[in-house]
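# Remarks on the overall topology
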Amino acid sequence: MELFSIFFGAILINNFVLHYFLGICPFLGVSKKIDAAMSMGLAVTFVMSITAVVSWVINHWILIPYGLDYLQIVSFILVIASLVQLVEMFVRKTSPPLYQAMGIYLPLITVNCAIMGLALLSALKNYNFIEAVVFGVGSGLGFTLAIVLMAAIREQLDLADVPEPLKGAGIALIVAGIMALAFLGFSGVIK
Amino acid sequence: MSLSSRMVAVLTSIGLLSGGFLVTVGFVTKERIAFNKKMEIERAILTVVPGASGGRIVYEEKDFTVYAGQDKAGQLAGFAVYTSGAGFQDKIVLMLGLDAALSRINGLAILDQKETPGLGARITDEGSFLVYWEGRDFSRPLSLRKPPAPSPESLSASEVNTVTGATISSQAVLGIVNSAREKLLKLNQEGKLSLEGDNAN
Amino acid sequence: MPTKTATQEFLKGLWEENPIFRQILGMCPTLAVTNAVINGLAMGLATSFVLVFSSFLISLIKKLIPSQVRIASYIVVIASFVTIADRVLAAYFWDISKALGPYVPLIVVNCNILGRAEAFASKNKVGRSVMDALGVSAGFILALLVLSSIREVLGSGTFLGYRVLGSWFEPWTIMVLPAGGFITLGILMAISIQLERKRKER
């Protein structure tokens, strides 16, 4: 039951984008078309899940036992950077068209606050291994949900008459605010 | 120097230099940070165990630590339980204070919560919520009174007022306290809470 | 293109290349910690510390680093300064450290810092890089202050913890919630874009 609430909570209640404000840059940058958003979301989920595992291992087998928890920041970011590099190489070898489509956004996953945030939050909440993995997958899916929803709304907005100053980031943020409000309604769903 | 050996040399030196620097910083700040953490717990114990001047751990497990609050003479002034549970939004961490006989609640302090500001967050407010926990009977499970009674006197010995507009957050706190109560009384029966025991850290 | 004076390098960070309102970088901490002015200020100062010192160091050693490993090196430098900032805060400003939570370590992925290192510090002299970093930092702090002032005054009726609006004012709780942060920033951005357009027309 505990695992279910972590999973469900990460997707809806404590959604990484709409509640923790993590992953805003790609959220605003890649959410103009649904398929781009979907690919970004899935790539992020993939990296997040692996990061959850690797950061947990490094944290609990190396850093904490030796009292080196202040090295969390440096180790986590290096792990993430390497993982993204590996994913990039993998995608380039196995599916060149996908690589082309994702363009610059693949390396940008490295500085996606969501992934670093995942590693840090998981360490902060002191999750055990299974909980950390569930949290990683759940938050990735939550990010994907938020970014795909945003893309769907923005595709519709493209056809609407948005006042000039609001176009782009302005209206995207206001939409995000309304989405955040809506997601507030999910609080308390899990007892 | 060839390019790849230069790359390796640069990365290694940067790694070593920053590593060394960070270890120094980590070392210098380690004590202060541990002190800050300890102070936070101590302050909470002093709040919920009147008369205590310090606390010692008598039982510890994940998410549930029992401290013995001792006065200046070393006598047991009461117990404090540091525990947490699920709130409306996220985890609620609290310190529950009991008297030495584990028969009455001395006080309650909310240490960490992320409830809705202005509504659920009012569980941290002395006047709206915390004051009602003082003097409650610990021998039976506690319950919430809703709508809230006008004064602490009109509540029965095991009732606590609900915070208006924050029923779920109040219920969350009640749940945490009640399960802590069950656990604590069981530990006491099993003799695991003695000051001299090897459970003490 | 005429090279800028040092002062101009500084000033451009305040408006033209303001990281939040114009470049849309460093969003995550902006929204997360601006529910109160003291938090926004602390975050701004911590980020500035990292930005200025990283820019300084990276500009200093830029010639020594082969291009293929530059990103990795920058990351290590930046992450080290972030760790220092995080530890110092936890040691000497415990309450603020708790309030900012995981967002101080997240400075390491603040696109501003790596972006500035890549775009500027790695290509310019130390003096200019520091001025540039100071300018962007000032712009960042300015943006954080504006956003957090609005959110704290409207959301809690206080400023830096002191009540500024009397008890007749029922706080707009939504302002201190994520939703309020998004909407306020969206409106501020629209305003800044509009101001920029008017400025260009003149």
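This text goes with the structure placed above it.
So, here is what we can say about the structure in this document.

Another aspect to go through is the overall build of chain C. Across its full length, chain C holds 8 helices and 2 strands. Element order for chain C, N to C, with α for helix and β for strand: α-α-α-α-α-α-α-β-β-α. A globule of 202 residues ought to have a C-alpha radius of gyration of about 17 Å, and chain C, at 18 Å, matches this closely. The dimensions of chain C, computed from C-alpha atoms along their principal axes, are 60 × 50 × 25 Å.

The number of helices and strands found in chain A is 9 helices and 0 strands. In sequence order, chain A lays out its α and β elements as α-α-α-α-α-α-α-α-α. On C-alpha atoms alone, chain A measures out to a radius of gyration of 17 Å, which is about the 16 Å that the 2.2 N^0.38 rule sets for 191 residues. Projecting the C-alpha coordinates of chain A onto the three principal axes gives extents of approximately 60 × 45 × 25 Å. A burial count over chain A gives 49% of its 191 residues as buried. Long-range pairs, those at least 24 residues apart, make up 81% of the contacts in chain A with a sequence separation of at least 6.

Time to look at the interface of chain C and chain B. If you look at the interface, chain C gives 21 residues, while chain B gives 18 residues. Per-element tally for the side of chain C that touches chain B: the top contributor is helix α4 (residues 70-92) of chain C, with 12 residues. Counted by class, the side of chain C that touches chain B contains 15 nonpolar, 5 polar and 1 charged residues.

Tallying the contact residues gives 32 residues for chain A and 31 residues for chain C. With 10 residues, the top contributor of residues to the side of chain A that touches chain C is helix α9 (residues 169-184) of chain A.

With that out of the way, let us pick up the environment of N188 of chain B. Residues and elements named next belong to chain B. For N188, the location among the structural elements is in helix α2 (residues 167-189). Judged by the 17 C-beta atoms lying within 10 Å of it, N188 falls in the partly exposed class. Taking the C-alpha atoms as reference points, N188 and V93, separated by 95 residues in sequence, lie 22 Å from one another. Here N188 is in contact with L102 and L193, once residues within four sequence places are set aside.

Attention now goes to helix α7 (residues 113-124) of chain A. Taking 1.5 Å of rise per residue, the 12 residues of α7 of chain A would be expected to cover 16 Å, and the 16 Å separating its terminal C-alpha atoms lies within 8% of that figure. Counting buried positions over the 12 residues of α7 of chain A gives 11, a clear majority of the element. Every buried residue belonging to α7 of chain A is among C113, A114, I115, M116, G117, L118, A119, L120, L121, S122 and A123 of chain A, and all of these are buried. Those residues of α7 of chain A that are buried are in contact with α3 (34-63), α4 (72-94) and α8 (129-157) of chain A together with α2 (27-33) of chain C. Once α7 of chain A finishes, N126 of chain A follows within two positions and takes phi at roughly 60°, a positive value.

All names here are of chain B. Two strands pair when backbone bridges link them, and strand β2 (residues 64-70) and strand β3 (residues 76-86) are joined in this way by 7 bridges, in the antiparallel orientation. The residue of β3 that forms the bridge with Q70 is L76. What sits between the antiparallel neighbours β2 and β3 is a turn of 5 residues, in which G74 has the positive phi angle 90°. Examined bridge by bridge, β3 and strand β4 (residues 91-98) share 8 bridges and lie antiparallel to one another. Across the sheet, the residue bridging to F79 is L98, located in β4. Following β3, the chain reverses through 4 residues before pairing antiparallel with β4.

With 5 of 7 residues buried, β2 of chain B lies mostly within the body of the structure. Counting the residues that bridge the hairpin from strand β1 (residues 54-61) of chain B to β2 of chain B gives 2 residues, and of these D63 of chain B lies at a positive phi of roughly 70°.

Leaving glycine aside, a negative phi is the common case for residues, and trans is the common case for peptide bonds. Residues and elements named next belong to chain B. Cis geometry marks the peptide bond from K146 to P147, where omega comes out at 0°. A positive phi angle is found at L102, which is not glycine, with a value near 60°. Among the structural elements, L102 can be located in the loop between β4 and β5 (105-112). On the basis of neighbour count, L102 is assigned to the partly exposed category, with 17 C-beta atoms found within 10 Å.

In this structure, I115 and M116 of chain A together with I78, L106 and V108 of chain C are the most contacted members of the largest nonpolar core, which totals 123 residues. Filtering out sequence-adjacent residues up to four positions away, M116 of chain A remains in contact with F76, I77 and I80 of chain A together with L106, V108 and V109 of chain C. Within the second largest apolar cluster, 42 residues are counted, among which are F79, I110, L130 and V177 of chain B.

Here the focus is the sheet that holds β5 of chain B. Residue and element names in this part refer to chain B. Spatially, β1-β2-β3-β4-β5 is the arrangement adopted by the 5 strands of the open sheet, whose pairing is antiparallel. Two strands lie at the open edges of the sheet, namely β1 and β5, each paired on one side alone. Between one strand and the next, the sheet's axes are offset by a mean angle of 20°, whatever the strand orientation. Here helix α1 (residues 3-48) sits on the sheet in contact with β1, β2, β3, β4 and β5, set at roughly 150° to β5. The strands that α2 touches are β1, β2, β3 and β4; relative to β3, the one it contacts most, it runs at about 130°.

The next point concerns helix α1 (residues 2-13) of chain A. Residue and element names in this part refer to chain A. With 12 residues, α1 ought to run about 16 Å at 1.5 Å a step, yet its terminal C-alpha atoms sit only 15 Å apart, falling short of that. Those residues of α1 not exposed but buried are I6, G9, A10, I11, L12 and I13. Check the buried side of α1 and you find it contacts α8 and α9.

Running from N to C, α4 of chain A and α4 of chain C point in directions that differ by 150°, and their axes come no closer than 8 Å. Looking at the two axes, α4 of chain A sits roughly antiparallel to α4 of chain C. As α4 of chain A runs across α4 of chain C, the sense of the crossing is right-handed. Here α4 of chain A contributes I73, V74, I77, L78 and A81 of chain A to the contact with α4 of chain C, which in turn contributes A72, I75, V76, A79, S80, V82, T83 and D86 of chain C. Looking at the contact of α4 of chain A with α4 of chain C, its residues break down into 10 nonpolar, 2 polar and 1 charged.

The next thing to look at is the packing of helix α3 (residues 37-61) of chain C against helix α7 (residues 126-156) of chain C. All names here are of chain C. Look at α3 against α7: their axes get within 9 Å of each other, and the N-to-C directions meet at 165°. By the angle class used here, α3 and α7 are roughly antiparallel. Of the two possible hands of crossing, α3 and α7 adopt the one that is right-handed. Split by residue class, the contact of α3 with α7 holds 17 nonpolar, 11 polar and 2 charged.

Rules used throughout
The numbering scheme is per chain: residues are counted from 1 as the chain's sequence reads. Each chain is given a letter, starting from A, and each ligand a number, starting from 1, according to the order in which they appear as written. Where local features are concerned, this predicted model is filtered to residues with pLDDT of at least 70; where side-chain atom pairs are given and counted, the filter is 80 or more; whole-chain, interface and lining totals use all residues. Runs of E in the DSSP output that reach at least two residues are strands. Runs of H or I that reach at least four are helices, and both are numbered from the N terminus. Radius of gyration here uses only the C-alpha atoms, and the compact-globule reference equals 2.2 Å multiplied by the residue count raised to the power 0.38. Labels follow a simple rule on C-beta atoms placed from the backbone: if 20 or more others lie within 10 Å of a residue's own, it is buried; if 12 or fewer, it is exposed; otherwise it is partly exposed. Each residue is represented by a C-beta atom placed from its backbone, and any two residues with such atoms within 7 Å are regarded as in contact. Residue classes follow a fixed rule: Ala, Val, Leu, Ile, Met, Phe, Trp, Tyr, Cys and Pro count as nonpolar, while Asp, Glu, Lys and Arg count as charged, and any other residue, Gly among them, counts as polar. For a helix, the expected span equals 1.5 Å multiplied by the number of residues minus one. Strands are treated as partners if at least two bridges between them are detected by DSSP. Under the definition applied here, buried Ala, Val, Leu, Ile, Met, Phe, Trp, Tyr and Cys residues are grouped into a nonpolar core through C-beta atoms within 7 Å. A fitted line through C-alpha atoms serves as each axis, taken over the contacting stretch for helices, and the angle formed by two N-to-C directions is quoted from 0 to 180°. Every angle not falling under 35 degrees, over 145, or within 65 to 115 is termed oblique; those three ranges are roughly parallel, roughly antiparallel and roughly perpendicular. Each crossing gets its handedness from the near helix: less than a right angle anticlockwise from the far helix is left-handed, clockwise is right-handed.

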